[in-house]
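Below are the chains, spelled out letter by letter.
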Amino acid sequence: SQACFEEDSQKQPAVGHWKPLMPSKGSKEEPEPECQDPGGDESQSTEQLNVSRLRSSSVEIREKGSEFLKEELHKAQKELKLKDKECERLSKVREQLEQELEELTASLFEEAHKMVREANTKQAASEKQLREARGKIDMLQAEVTALKTLVITSTPSSPNRELHPQLQSPTKAVFRKGHGRNKSTSSAVITAASQSVTPEPVSHECKEVDSILFAEFQAWKESPTLDKSCSFLDRIYREDVGPCLDFTKQELSELVRAAVEQNTLTIEPVASQTLPVVKVSAVECGGPKKCALSGLPRTCKHRIMLGDSGNYYYISPSCRARITAVCNFFTYIRYIQQGLVRQDVELMYWEVMRLRREMSLAKLGFFPSEM
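All of these numbers come straight from a predicted model, not from anything done at the bench.

Cut-offs applied
Residues numbered from 1 in each chain as written. Predicted model: local features only at pLDDT ≥ 70, side-chain atom pairs only at ≥ 80, totals over all residues. Heavy atoms only, no water. Pairing = 2+ DSSP bridges. Helix = DSSP H or I, 4+ residues; strand = E, 2+ residues; numbered from the N terminus. Axes fitted to C-alpha atoms, helices over the stretch in contact; angles between N-to-C directions. Contact = heavy atoms within 4.5 Å. Buried < 20%, exposed > 50% of the residue type's maximum accessible area, 1.4 Å probe, protein only. Salt bridge = Lys/Arg side-chain N within 4 Å of Asp/Glu carboxyl O. Core = buried A, V, L, I, M, F, W, Y, C linked by side-chain atoms within 4.5 Å.

Caption draft 1: Summary view of the sheet that holds strand β2 (residues 302-306). Taken together, the 3 strands give an open sheet; going across it, the order is β1-β2-β3, and neighbouring strands pair in antiparallel fashion. Only two strands of the sheet have a single neighbouring strand rather than two, namely β1 (265-269) and β3 (312-315). Between one strand axis and the next, the sheet turns through 30 degrees on average, direction left out of account. Relative to β3, β2 is paired through 4 bridges, and the arrangement is antiparallel. When the sheet's bridge partners are listed, I304 is paired in β3 with Y313. Where helix α5 (residues 250-262) meets the sheet, its contacts fall on β1, β2 and β3, and the angle it forms with β2 comes to roughly 75 degrees.

Laid out in C-alpha coordinates, this is it:
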(Lines give C-alpha, C1' and ligand atoms only; values in the text may rest on other atoms or scores of the structure.)
Protein backbone atom coordinates (compact mmCIF):
# COMPACT_ATOMS: atom_id res chain seq x y z
CA SER A 1 0.00 0.00 0.00
CA GLN A 2 2.93 2.30 0.78
CA ALA A 3 4.49 1.61 -2.67
CA CYS A 4 1.23 2.44 -4.42
CA PHE A 5 0.99 5.66 -2.48
CA GLU A 6 4.54 6.65 -3.47
CA GLU A 7 3.89 5.74 -7.11
CA ASP A 8 0.77 7.88 -7.18
CA SER A 9 2.59 10.83 -5.65
CA GLN A 10 5.35 10.58 -8.21
CA LYS A 11 2.85 10.60 -11.05
CA GLN A 12 1.27 13.84 -9.85
CA PRO A 13 2.21 16.83 -12.12
CA ALA A 14 4.11 19.77 -10.79
CA VAL A 15 2.23 22.74 -9.57
CA GLY A 16 1.55 25.28 -12.27
CA HIS A 17 1.48 22.82 -15.15
CA TRP A 18 -1.77 21.35 -16.50
CA LYS A 19 -2.13 18.86 -19.21
CA PRO A 20 -5.31 17.47 -20.56
CA LEU A 21 -5.66 13.75 -20.02
CA MET A 22 -7.34 13.06 -23.33
CA PRO A 23 -7.60 15.44 -26.27
CA SER A 24 -10.97 16.04 -27.73
CA LYS A 25 -11.79 14.50 -31.06
CA GLY A 26 -10.99 16.48 -34.04
CA SER A 27 -8.53 18.70 -32.26
CA LYS A 28 -4.84 18.68 -32.66
CA GLU A 29 -2.48 18.62 -29.86
CA GLU A 30 -0.75 21.86 -29.69
CA PRO A 31 1.83 22.84 -27.20
CA GLU A 32 0.50 25.26 -24.70
CA PRO A 33 2.59 28.06 -23.68
CA GLU A 34 4.06 27.70 -20.25
CA CYS A 35 3.15 30.30 -17.74
CA GLN A 36 6.13 31.79 -16.23
CA ASP A 37 5.77 32.69 -12.53
CA PRO A 38 8.66 34.37 -10.84
CA GLY A 39 7.81 32.77 -7.41
CA GLY A 40 7.12 29.30 -8.76
CA ASP A 41 10.36 27.68 -7.71
CA GLU A 42 9.98 28.65 -4.11
CA SER A 43 6.38 27.48 -3.83
CA GLN A 44 7.29 24.24 -5.58
CA SER A 45 10.02 23.45 -3.07
CA THR A 46 7.61 24.18 -0.19
CA GLU A 47 5.05 21.81 -1.59
CA GLN A 48 7.67 19.11 -2.04
CA LEU A 49 8.81 19.57 1.54
CA ASN A 50 5.26 19.24 2.78
CA VAL A 51 4.75 16.14 0.71
CA SER A 52 7.92 14.55 2.02
CA ARG A 53 6.84 15.34 5.56
CA LEU A 54 3.49 13.81 4.93
CA ARG A 55 5.13 10.78 3.45
CA SER A 56 7.49 10.33 6.43
CA SER A 57 4.69 10.77 8.95
CA SER A 58 2.45 8.29 7.14
CA VAL A 59 5.32 5.80 7.00
CA GLU A 60 5.93 6.25 10.69
CA ILE A 61 2.23 5.85 11.43
CA ARG A 62 2.09 2.73 9.32
CA GLU A 63 5.14 1.28 11.06
CA LYS A 64 3.76 2.01 14.52
CA GLY A 65 0.38 0.59 13.53
CA SER A 66 2.06 -2.48 12.16
CA GLU A 67 4.07 -2.97 15.37
CA PHE A 68 0.93 -2.45 17.47
CA LEU A 69 -0.97 -4.94 15.39
CA LYS A 70 1.88 -7.44 15.66
CA GLU A 71 1.92 -7.03 19.44
CA GLU A 72 -1.84 -7.47 19.64
CA LEU A 73 -1.61 -10.52 17.38
CA HIS A 74 1.15 -11.97 19.56
CA LYS A 75 -0.93 -11.36 22.71
CA ALA A 76 -3.96 -12.94 21.08
CA GLN A 77 -1.90 -15.97 20.08
CA LYS A 78 -0.60 -16.31 23.65
CA GLU A 79 -4.12 -16.06 25.03
CA LEU A 80 -5.29 -18.67 22.56
CA LYS A 81 -2.50 -21.01 23.62
CA LEU A 82 -3.37 -20.49 27.27
CA LYS A 83 -7.04 -21.12 26.54
CA ASP A 84 -6.15 -24.24 24.58
CA LYS A 85 -4.10 -25.53 27.52
CA GLU A 86 -6.93 -24.68 29.93
CA CYS A 87 -9.43 -26.43 27.69
CA GLU A 88 -7.18 -29.49 27.49
CA ARG A 89 -6.76 -29.50 31.29
CA LEU A 90 -10.51 -29.14 31.83
CA SER A 91 -11.14 -31.92 29.34
CA LYS A 92 -8.79 -34.23 31.25
CA VAL A 93 -10.48 -33.30 34.53
CA ARG A 94 -13.87 -34.04 33.03
CA GLU A 95 -12.69 -37.42 31.73
CA GLN A 96 -11.21 -38.27 35.13
CA LEU A 97 -14.41 -37.25 36.92
CA GLU A 98 -16.51 -39.30 34.51
CA GLN A 99 -14.28 -42.33 35.07
CA GLU A 100 -14.43 -41.92 38.85
CA LEU A 101 -18.19 -41.51 38.67
CA GLU A 102 -18.53 -44.72 36.66
CA GLU A 103 -16.29 -46.61 39.09
CA LEU A 104 -18.22 -45.25 42.07
CA THR A 105 -21.54 -46.19 40.49
CA ALA A 106 -20.29 -49.69 39.73
CA SER A 107 -18.96 -50.14 43.28
CA LEU A 108 -22.23 -48.87 44.75
CA PHE A 109 -24.26 -51.29 42.66
CA GLU A 110 -21.94 -54.13 43.62
CA GLU A 111 -22.16 -53.24 47.30
CA ALA A 112 -25.95 -52.99 47.06
CA HIS A 113 -26.17 -56.42 45.43
CA LYS A 114 -23.84 -57.84 48.09
CA MET A 115 -25.97 -56.40 50.89
CA VAL A 116 -29.11 -57.82 49.28
CA ARG A 117 -27.51 -61.25 49.00
CA GLU A 118 -26.35 -61.16 52.63
CA ALA A 119 -29.79 -60.01 53.77
CA ASN A 120 -31.45 -62.84 51.85
CA THR A 121 -29.00 -65.36 53.33
CA LYS A 122 -29.58 -64.08 56.87
CA GLN A 123 -33.33 -64.08 56.33
CA ALA A 124 -33.25 -67.68 55.13
CA ALA A 125 -31.10 -68.71 58.10
CA SER A 126 -33.39 -66.87 60.52
CA GLU A 127 -36.46 -68.50 59.03
CA LYS A 128 -34.79 -71.91 59.33
CA GLN A 129 -33.86 -71.26 62.96
CA LEU A 130 -37.40 -70.05 63.64
CA ARG A 131 -38.88 -73.23 62.19
CA GLU A 132 -36.46 -75.36 64.23
CA ALA A 133 -37.20 -73.38 67.38
CA ARG A 134 -40.93 -73.76 66.88
CA GLY A 135 -40.49 -77.49 66.40
CA LYS A 136 -38.42 -77.73 69.58
CA ILE A 137 -40.96 -75.66 71.48
CA ASP A 138 -43.79 -77.92 70.37
CA MET A 139 -41.78 -80.98 71.37
CA LEU A 140 -40.85 -79.52 74.75
CA GLN A 141 -44.41 -78.45 75.44
CA ALA A 142 -45.58 -81.99 74.77
CA GLU A 143 -42.86 -83.39 77.06
CA VAL A 144 -43.65 -80.87 79.80
CA THR A 145 -47.32 -81.76 79.63
CA ALA A 146 -46.51 -85.46 79.97
CA LEU A 147 -44.08 -84.83 82.83
CA LYS A 148 -46.58 -82.65 84.66
CA THR A 149 -49.10 -85.44 84.43
CA LEU A 150 -46.59 -87.88 85.91
CA VAL A 151 -45.07 -85.65 88.57
CA ILE A 152 -48.20 -83.93 89.83
CA THR A 153 -49.95 -87.27 90.37
CA SER A 154 -47.00 -88.63 92.41
CA THR A 155 -46.96 -87.96 96.16
CA PRO A 156 -45.25 -89.76 99.04
CA SER A 157 -48.60 -91.04 100.25
CA SER A 158 -49.71 -92.24 96.79
CA PRO A 159 -46.67 -92.50 94.49
CA ASN A 160 -47.12 -92.87 90.76
CA ARG A 161 -46.00 -96.39 89.94
CA GLU A 162 -45.21 -95.46 86.33
CA LEU A 163 -42.87 -92.73 87.56
CA HIS A 164 -41.36 -95.02 90.22
CA PRO A 165 -41.01 -98.48 88.66
CA GLN A 166 -39.23 -99.77 91.76
CA LEU A 167 -42.62 -99.79 93.48
CA GLN A 168 -44.09 -102.19 90.96
CA SER A 169 -44.31 -105.87 91.64
CA PRO A 170 -41.56 -108.04 90.14
CA THR A 171 -44.04 -109.56 87.70
CA LYS A 172 -45.13 -106.15 86.38
CA ALA A 173 -41.76 -104.47 86.41
CA VAL A 174 -40.63 -104.00 82.85
CA PHE A 175 -37.05 -103.02 82.08
CA ARG A 176 -36.60 -100.69 79.15
CA LYS A 177 -33.74 -101.60 76.89
CA GLY A 178 -31.62 -99.18 74.97
CA HIS A 179 -30.18 -95.77 75.87
CA GLY A 180 -31.72 -93.96 78.78
CA ARG A 181 -30.07 -90.56 79.05
CA ASN A 182 -30.73 -88.89 82.37
CA LYS A 183 -31.87 -85.44 81.27
CA SER A 184 -34.25 -83.00 82.87
CA THR A 185 -36.86 -83.65 80.21
CA SER A 186 -36.82 -87.41 80.80
CA SER A 187 -37.02 -89.28 84.05
CA ALA A 188 -33.86 -91.01 85.23
CA VAL A 189 -35.98 -93.52 87.06
CA ILE A 190 -36.91 -95.13 83.73
CA THR A 191 -33.35 -96.39 83.31
CA ALA A 192 -33.29 -97.78 86.85
CA ALA A 193 -35.87 -100.50 87.37
CA SER A 194 -36.44 -101.94 90.83
CA GLN A 195 -33.52 -100.15 92.44
CA SER A 196 -34.52 -100.40 96.10
CA VAL A 197 -36.51 -102.55 98.42
CA THR A 198 -40.21 -101.78 98.38
CA PRO A 199 -40.66 -99.45 101.34
CA GLU A 200 -43.22 -100.00 104.00
CA PRO A 201 -46.43 -98.02 103.65
CA VAL A 202 -45.94 -94.46 104.75
CA SER A 203 -48.90 -94.70 107.10
CA HIS A 204 -47.00 -97.28 109.20
CA GLU A 205 -43.98 -95.02 109.67
CA CYS A 206 -43.46 -92.48 112.37
CA LYS A 207 -41.78 -89.33 111.11
CA GLU A 208 -41.06 -85.86 112.37
CA VAL A 209 -39.92 -82.83 110.45
CA ASP A 210 -36.41 -81.66 111.32
CA SER A 211 -36.64 -77.90 111.79
CA ILE A 212 -33.13 -77.17 110.48
CA LEU A 213 -33.48 -79.31 107.35
CA PHE A 214 -36.97 -77.99 106.69
CA ALA A 215 -35.83 -74.36 107.04
CA GLU A 216 -32.97 -74.97 104.61
CA PHE A 217 -35.37 -76.60 102.14
CA GLN A 218 -37.86 -73.73 102.45
CA ALA A 219 -35.12 -71.16 101.82
CA TRP A 220 -34.00 -73.10 98.76
CA LYS A 221 -37.60 -73.49 97.53
CA GLU A 222 -38.07 -69.69 97.52
CA SER A 223 -35.35 -69.43 94.88
CA PRO A 224 -34.52 -72.92 93.58
CA THR A 225 -31.09 -73.31 92.04
CA LEU A 226 -28.61 -76.08 91.28
CA ASP A 227 -25.74 -74.11 92.78
CA LYS A 228 -24.20 -76.32 95.45
CA SER A 229 -23.06 -73.31 97.48
CA CYS A 230 -26.53 -72.91 99.05
CA SER A 231 -26.94 -74.47 102.47
CA PHE A 232 -29.60 -76.99 101.36
CA LEU A 233 -27.58 -78.53 98.50
CA ASP A 234 -24.26 -78.11 100.31
CA ARG A 235 -25.47 -80.38 103.12
CA ILE A 236 -26.81 -83.00 100.69
CA TYR A 237 -23.56 -82.94 98.70
CA ARG A 238 -21.53 -83.50 101.86
CA GLU A 239 -23.78 -86.07 103.50
CA ASP A 240 -25.28 -88.01 100.58
CA VAL A 241 -24.10 -87.24 97.03
CA GLY A 242 -20.38 -87.16 97.78
CA PRO A 243 -20.23 -90.42 99.79
CA CYS A 244 -22.65 -92.17 97.41
CA LEU A 245 -20.46 -91.43 94.35
CA ASP A 246 -17.15 -92.10 96.09
CA PHE A 247 -15.80 -95.24 94.39
CA THR A 248 -12.43 -96.97 94.45
CA LYS A 249 -11.40 -95.56 91.07
CA GLN A 250 -11.16 -91.92 92.10
CA GLU A 251 -10.50 -90.45 88.64
CA LEU A 252 -13.49 -92.21 87.10
CA SER A 253 -15.60 -91.32 90.15
CA GLU A 254 -14.96 -87.61 89.52
CA LEU A 255 -16.02 -88.02 85.87
CA VAL A 256 -19.20 -89.84 86.91
CA ARG A 257 -20.04 -87.16 89.45
CA ALA A 258 -19.54 -84.37 86.89
CA ALA A 259 -21.71 -86.22 84.34
CA VAL A 260 -24.49 -86.67 86.91
CA GLU A 261 -24.38 -82.97 87.83
CA GLN A 262 -24.38 -81.94 84.15
CA ASN A 263 -27.15 -84.42 83.35
CA THR A 264 -25.13 -86.19 80.62
CA LEU A 265 -24.88 -89.70 82.09
CA THR A 266 -26.34 -92.67 80.19
CA ILE A 267 -27.07 -96.10 81.71
CA GLU A 268 -28.01 -99.02 79.52
CA PRO A 269 -28.28 -102.78 80.00
CA VAL A 270 -25.69 -105.16 78.58
CA ALA A 271 -27.09 -107.98 76.48
CA SER A 272 -25.65 -111.39 77.23
CA GLN A 273 -24.39 -111.82 73.67
CA THR A 274 -22.95 -108.33 73.39
CA LEU A 275 -19.18 -108.20 73.42
CA PRO A 276 -17.50 -105.26 75.21
CA VAL A 277 -16.58 -102.29 73.07
CA VAL A 278 -13.21 -101.19 74.43
CA LYS A 279 -11.92 -97.78 73.34
CA VAL A 280 -9.61 -97.26 76.30
CA SER A 281 -7.74 -99.68 78.51
CA ALA A 282 -9.60 -102.74 79.77
CA VAL A 283 -8.76 -101.83 83.36
CA GLU A 284 -10.60 -98.51 83.04
CA CYS A 285 -13.62 -99.86 81.19
CA GLY A 286 -13.88 -103.07 83.16
CA GLY A 287 -15.95 -105.73 81.50
CA PRO A 288 -18.96 -108.01 81.90
CA LYS A 289 -17.08 -109.72 84.72
CA LYS A 290 -15.30 -106.72 86.28
CA CYS A 291 -16.66 -103.41 87.60
CA ALA A 292 -14.89 -100.33 86.26
CA LEU A 293 -15.75 -98.22 89.34
CA SER A 294 -14.92 -100.62 92.17
CA GLY A 295 -12.31 -102.67 90.34
CA LEU A 296 -13.79 -105.85 91.83
CA PRO A 297 -14.75 -108.96 89.88
CA ARG A 298 -18.50 -108.68 89.59
CA THR A 299 -21.13 -109.65 87.05
CA CYS A 300 -21.94 -106.38 85.30
CA LYS A 301 -25.39 -106.22 83.79
CA HIS A 302 -25.19 -102.52 82.90
CA ARG A 303 -22.74 -100.05 81.48
CA ILE A 304 -22.53 -96.26 81.54
CA MET A 305 -21.38 -93.64 79.04
CA LEU A 306 -20.24 -90.17 80.10
CA GLY A 307 -21.59 -87.56 77.72
CA ASP A 308 -20.93 -88.27 74.05
CA SER A 309 -17.44 -89.68 74.54
CA GLY A 310 -18.40 -93.09 73.14
CA ASN A 311 -16.52 -94.93 75.93
CA TYR A 312 -18.57 -97.45 77.88
CA TYR A 313 -17.77 -98.43 81.48
CA TYR A 314 -19.21 -101.64 82.91
CA ILE A 315 -20.60 -101.31 86.43
CA SER A 316 -21.81 -103.74 89.08
CA PRO A 317 -25.39 -103.74 90.44
CA SER A 318 -24.26 -102.01 93.65
CA CYS A 319 -22.57 -99.15 91.75
CA ARG A 320 -25.61 -98.86 89.49
CA ALA A 321 -27.91 -98.54 92.54
CA ARG A 322 -25.73 -95.74 93.97
CA ILE A 323 -25.59 -93.82 90.68
CA THR A 324 -29.34 -94.26 90.09
CA ALA A 325 -30.21 -93.01 93.58
CA VAL A 326 -28.24 -89.80 92.98
CA CYS A 327 -29.77 -89.37 89.51
CA ASN A 328 -33.29 -89.72 90.99
CA PHE A 329 -32.54 -86.99 93.51
CA PHE A 330 -31.20 -84.56 90.87
CA THR A 331 -34.13 -85.30 88.59
CA TYR A 332 -36.65 -84.42 91.30
CA ILE A 333 -34.99 -81.13 92.32
CA ARG A 334 -34.75 -80.18 88.64
CA TYR A 335 -38.51 -80.73 88.38
CA ILE A 336 -38.99 -78.40 91.36
CA GLN A 337 -36.67 -75.80 89.87
CA GLN A 338 -38.59 -75.87 86.55
CA GLY A 339 -41.92 -75.50 88.33
CA LEU A 340 -43.24 -78.91 87.31
CA VAL A 341 -44.06 -80.04 90.87
CA ARG A 342 -47.25 -78.43 92.18
CA GLN A 343 -47.42 -79.77 95.73
CA ASP A 344 -47.36 -78.50 99.26
CA VAL A 345 -43.88 -77.58 100.55
CA GLU A 346 -44.04 -80.24 103.27
CA LEU A 347 -44.92 -82.99 100.78
CA MET A 348 -41.99 -81.97 98.57
CA TYR A 349 -39.74 -81.93 101.65
CA TRP A 350 -40.68 -85.52 102.55
CA GLU A 351 -40.10 -86.65 98.95
CA VAL A 352 -36.60 -85.14 99.14
CA MET A 353 -36.02 -86.95 102.43
CA ARG A 354 -37.14 -90.22 100.83
CA LEU A 355 -34.65 -89.72 98.00
CA ARG A 356 -31.92 -88.96 100.55
CA ARG A 357 -32.76 -92.18 102.36
CA GLU A 358 -32.36 -94.10 99.10
CA MET A 359 -28.91 -92.54 98.60
CA SER A 360 -27.98 -93.45 102.19
CA LEU A 361 -29.05 -97.07 101.72
CA ALA A 362 -27.26 -97.32 98.37
CA LYS A 363 -23.97 -95.92 99.70
CA LEU A 364 -24.14 -98.50 102.56
CA GLY A 365 -24.40 -101.30 99.98
CA PHE A 366 -28.12 -102.08 100.06
CA PHE A 367 -29.72 -102.73 96.71
CA PRO A 368 -32.55 -104.98 95.47
CA SER A 369 -31.77 -108.36 94.02
CA GLU A 370 -33.32 -107.31 90.70
CA MET A 371 -30.43 -104.92 90.09
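On we go.
Caption draft 2: Molecular detail of the pairing of β3. The side-chain alternation of β3 yields two buried faces, one formed by Y312 and Y314 and the other by Y313 and I315. Taken together, β2 and the strand that follows it, β3, pair antiparallel across an intervening segment of 5 residues, in which G307 is found at a positive phi of about 65 degrees.

Caption draft 3: Summary view of the pattern of salt bridges. In the structure shown here, the tally under the stated rule is 14 salt bridges. Ionic pairing is found between E60 and K64, a salt bridge with its closest N-O pair at 3.3 Å. Here E60 and its partner K64 are both found in helix α2 (residues 40-152), 4 residues apart, which amounts to about one turn of the helix. Members of the salt-bridge network, linked through shared partners, are E216, R235, E239, D240, R356 and K363.

Caption draft 4: Expanded view of the nonpolar core. Membership of the largest hydrophobic core comes to 51 residues, with the highest contact counts inside it found for V260, L265, L293, I304, I323 and F329. Elements supplying a minimum of two residues to this core: α3 (211-222), α4 (231-244), α5, β1, β2, β3, α7 (317-337) and α8 (345-363). Beyond its immediate stretch of four places on either side in the chain, F329 contacts L233, I236, V352, L355 and M359.

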